[in-house]
Amino acid sequence: MSIYPQLIIDALSKVRYPGTGKDLVSAGMVEDDIRIEGNKVSFSLLFEKANDPFIKSVVKAAETAIVTYVGKEVEIKGNISVITPQQIIKPDPDKLLPEVKNIIAISSGKGGVGKSTVAANLAVSLAQMGYKVGLLDADIFGPSQPKMFHLEEARPYMEKVGERELIQPAENYGVKVLSIGFFVNKEDAVLWRGAMASNAMKQLIGDANWGELDYFLIDLPPGTSDIHLTLVQTLAITGAVVVTTPQEVALADAQKGISMFLGEKINVPVLGLIENMAWFTPAELPDHKYYIFGKEGGKKLAEKLQIPLLGQIPIVQSICEGGDQGEPVALKPGTITGQAFHVLATNLIEQVEIRNHQQPPTKRVQTSGK
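Numbers given to residues run from 1 along each chain, matching the order in which its sequence is written. Restriction of local features to residues with pLDDT of at least 70 applies here, the model being predicted, together with a cutoff of 80 or more for giving and counting side-chain atom pairs; totals for whole chains, interfaces and linings are based on all residues. Remark: hydrogens and water are excluded; side-chain values derive from all non-hydrogen atoms of the structure.

1. Focus on the sheet that holds strand S5 (residues 133-137)
Working step 1: One requirement defines pairing of two strands: DSSP has to find at least two bridges between them. Going along the chain from the N terminus, every DSSP run of H or I of four or more residues is numbered as a helix, and every run of E of two or more is numbered as a strand. Reading across from one edge, S8-S9-S5-S10-S4-S11-S12-S13 is the order of the eight strands in this open sheet, with mixed pairing throughout. Taken across any chain shown, the strands that pair with only one partner, and hence form the sheet edges, are strand S8 (170-172) and strand S13 (309-315). Here the average twist between neighbouring strands, direction ignored, is 25°.
Working step 2: Of the pairings in the sheet, the one linking strand S11 (residues 239-244) to strand S12 (residues 270-280) comprises five bridges and is parallel in character. Counted as the bridge partner of Val242 is Leu273 from S12.
Working step 3: By the convention used here, residues are in contact when the closest approach between their heavy atoms is within 4.5 Å. Only the stretch in contact is used when fitting a helix axis, every axis being a line fitted to C-alpha atoms; angles between N-to-C directions are given from 0 to 180 degrees. Of the strands in this sheet, strand S4 (100-108), S11 and S12 are in contact with helix H7 (residues 248-262), which crosses S11 at around 170°.

The following block contains the structure:
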């Protein structure tokens with residue numbers, strides 16, 4: 001049988017805490033430390049007091065729910081830990097990734113513009129240039145980086161680092177990668193409420209051993225959502241890049257995304273715009289350009305908003321094939337697309353250096369205490 005965290009969470013959502021009547025998940029009693037090793041499942045339940053009279057009955061009910069709703073084969077008895085708030089070791093939120101130099105959010109106003117493909121190839125290009133690179137697939141509802149990095153079978157494990165148990169990112173092509181896709185069944189849709197998705201992303205950031213990185217790229221979901229707000233509340237973002245295609249409908253949404261980052265409440269620098277699918281070039285006619293989605297729409301938007309155009313990426317069949325085969329085209333710097341992504345990476349590095357020289361470090365968005 002296949003066991004993954006969402007099954008455990010679904011089962012625990014059917015158990016109620018007698019003190020409040022809320023289910024364990026909604027009550028925030030399930031800690032973000034679900035660990036699965038074969039059929040063995042372990043995790044922690046958070047109780048306000050060590051002498052809570054309902055501890056034994058709740059633990060027993062949780063064990064029963066998992067066996068009932070996940071499977072009789074699950075080894076859960078004796079594997080549920082009970083902790084109190086005083087026992088939780090949490091890093092200082094302003095020192096969450098102390099060894100990471102630059103955190104780059106990769107966003108798009110709408111889906112279907114190739115944002116994840118751009119993120120994967122940009123990460124590989126930076127790694128090929130000798131930088132230490134990490135990539136977080138924060139597209140919680142449509143994770144695609146495991147496939148693009150040929151890591152679909154990867155199952156990151158926990159390892160003790162100091163006093164904490166941390167997730168070890170998978171790695172390929174010189175890039176450290178974490179994705180919610182590593183922890184769910186790849187055939188199933190991820191049906192999570194906003195709070196659960198945000199908590200999953202925070203765990204992949206704060207409970208992972210990212211180590212020393214020059215560039216930490218975060219592949220965000222399309223549009224604007226709770227995930228975007230959670231990100232800027234969790235990390236001080238160096239800057240954002242926005243991916244678009246040349247057609248008007250994509251450009252309109254890209255402009256909204258740029259406006260979100262530059263808004264007074266978010267205030268994250270926009271490093272530039274990336275125009276993907278800028279033109280079609282047949283493999284047999286490398287010097288020909290066919291503007292099937294319109295000509296230079298991204299370039300014109302960048303000029304209008306007075307932000308840099310970081311790169312124009314053509315449509316070439318090898319980009320799609322490379323993503324499907326888990327071999328990003330940036331691995332072949334001598335090709336048309338490989339060169340385009342190398343130029344993109346070079347321009348991004350330049351804009352990051354300008355931003356860091358001219359502007360103070362970005363601050364996390366502070367949440368209201370209400």
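Picking up after the structure, the text goes on.
2. Some words on the pattern of salt bridges
Working step 1: Take a side-chain nitrogen of Lys or Arg and a carboxyl oxygen of Asp or Glu: if they are within 4 Å of each other, that pair is a salt bridge. Summed over all chains, the structure comprises eight salt bridges.
Working step 2: Salt-bridge contacts for Lys101 lead to Asp214; the nearest nitrogen and oxygen are separated by 3.2 Å. With Lys101 in strand S4 and Asp214 in strand S10 (residues 213-219), this pair connects stretches of sequence that are 113 residues apart.
Working step 3: Each residue's exposure class comes from its accessible area (1.4 Å probe, protein chains only) as a fraction of the maximum for that residue type: buried when under 20%, exposed when over 50%, partly exposed otherwise. On the basis of relative accessibility, which here comes to 15%, the residue Asp214 falls in the buried class.

3. Considering the sheet that holds strand S3 (residues 80-83)
Working step 1: The three strands lie next to each other as S1-S2-S3, forming an open sheet whose pairing is mixed. This sheet does not close on itself; its edge strands, each paired only once, are strand S1 (35-37) and S3. Taken pair by pair, the neighbouring strands of this sheet meet at an average axis angle of 15°, ignoring direction.
Working step 2: With four bridges joining them, strand S2 (residues 40-46) and S3 adopt parallel strand pairing. Bridge pairing in S3 places Phe43 opposite Ile80.
Working step 3: Sheet strands touched by helix H2 (residues 55-69): S2 and S3. Its angle to S3, the strand with the most contacts, is close to 150°.

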